[in-house]
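Structural description and commentary
Here is what each chain is made of, one letter per residue.
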Amino acid sequence: MSKSKAGLLQGTLDMLILKALSLGALHGYGVGQRIAQISDDTLKIEEGSLYPGLYRLEQRGWVESEWDVSDNNQRAKFYKLTRTGRKQLIIEEQNWERLAGATMKALRAS
Amino acid sequence: MSRIKATVRFLHAWRHPDEIAREVEAELRFHIEMRTRANIEGGMRPNQAQLAARQSFGDFDRVKTRCCEISRSLPFDSNVLKMAMYITVAVVAGGAALWAVNMPHHSFTGVLWQLVAIVVECEFGNKGTRVGNLLYPTQ
């Protein structure tokens, strides 16, 4: 699959955001950077679409945010995973592994 | 605990929509600024870098509106709440209907109460339809 064409399945973005935040608190821009980093730049997300995802996760109580000062001394909103968010990430990972396994099995069927 | 915080945030967003809109805007502008800096460090000229940052961000206003909407949405399953409202409305409207039918109407007061019951029934009947439309929206 070409790197630039790698789209995201619906619902995957939330899981990737949770995964990025499981490695430490980040601002929205940092979340996008970390997703790109942990996927070896394979997953390119339209940057604006990160924010509705972050707000949705916060609304569900899976992440929480607070304003702080960034590395370049600017005020930024930082997100971190909550305890329920961490539990949810485990559920999402298990679901994803099951789905990916089933898809691979279907593709290899002769 | 995080659910409680989410509910507090929801109530705050409803009471202070302008403040939330300003916060969202500041957050999104911070993102574009960070991307612009990265583009400049990558060798772009400032104008070019800013333009590229805006393009890679997507539709700023749409994202801002969506974030504000999410902040004002219920932090729990709203279908359960809507279903409870629907049942309440149905019970009140049904009660009013029964009352109107059984009310003695040989006196002026009786007829007056019957009219009140009919008004209540109509009002809650309309509300029930509106809640019903929320639950099962028509295409």
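Being a predicted model, the structure only gives us computed values, none of them experimental. (Residues numbered from 1 in each chain as written. Chains lettered and ligands numbered in written order. Predicted model: local features only at pLDDT ≥ 70, side-chain atom pairs only at ≥ 80, totals over all residues.)

Some remarks on the sheet that holds strand β1 (residues 26–27) of chain A
Residues and elements named next belong to chain A. Test applied: Only strands joined by at least two bridges in the DSSP assignment are considered to pair. Secondary structure is summarised from DSSP: a helix means a run of H or I of at least four residues, a strand means a run of E of at least two, and numbering begins at the N terminus for each. Contact criterion: two residues are in contact if their C-beta atoms, reconstructed from the backbone, are within 7 Å. Axis definition: a line fitted to C-alpha atoms, over the contacting stretch in the case of helices. Angles run 0 to 180 degrees between N-to-C directions.
The strand order across the open sheet formed by three strands is β1-β3-β2, and the pairing between neighbours is antiparallel. The open sheet has two edge strands with one neighbour each: β1 and β2 (63–69). Examined bridge by bridge, β2 and strand β3 (residues 75–81) share seven bridges and lie antiparallel to one another. Note that in β3 the partner of Val-69 across the bridge is Arg-75. Packed on one face of the sheet, helix α1 (residues 12–22) meets β1, β2 and β3 and runs near 100 degrees to β3.

Describing the interface of chain B and chain A
Where we set the bar: Note that Gly is not counted as nonpolar here; it falls among the polar residues with everything else outside the nonpolar set of Ala, Val, Leu, Ile, Met, Phe, Trp, Tyr, Cys and Pro and the charged set of Asp, Glu, Lys and Arg.
Each partner contributes to the interface: chain B provides 21 residues, whereas chain A provides 20 residues. Secondary structure elements with two or more residues in the side of chain B that touches chain A: α1 (2–15), α2 (17–41), α3 (46–57) and α4 (60–71) of chain B. Looking at which element gives the most residues to the side of chain B that touches chain A, the answer is α2(B), with six residues. Across the side of chain B that touches chain A, the residue classes tally to nine nonpolar, six polar and six charged.

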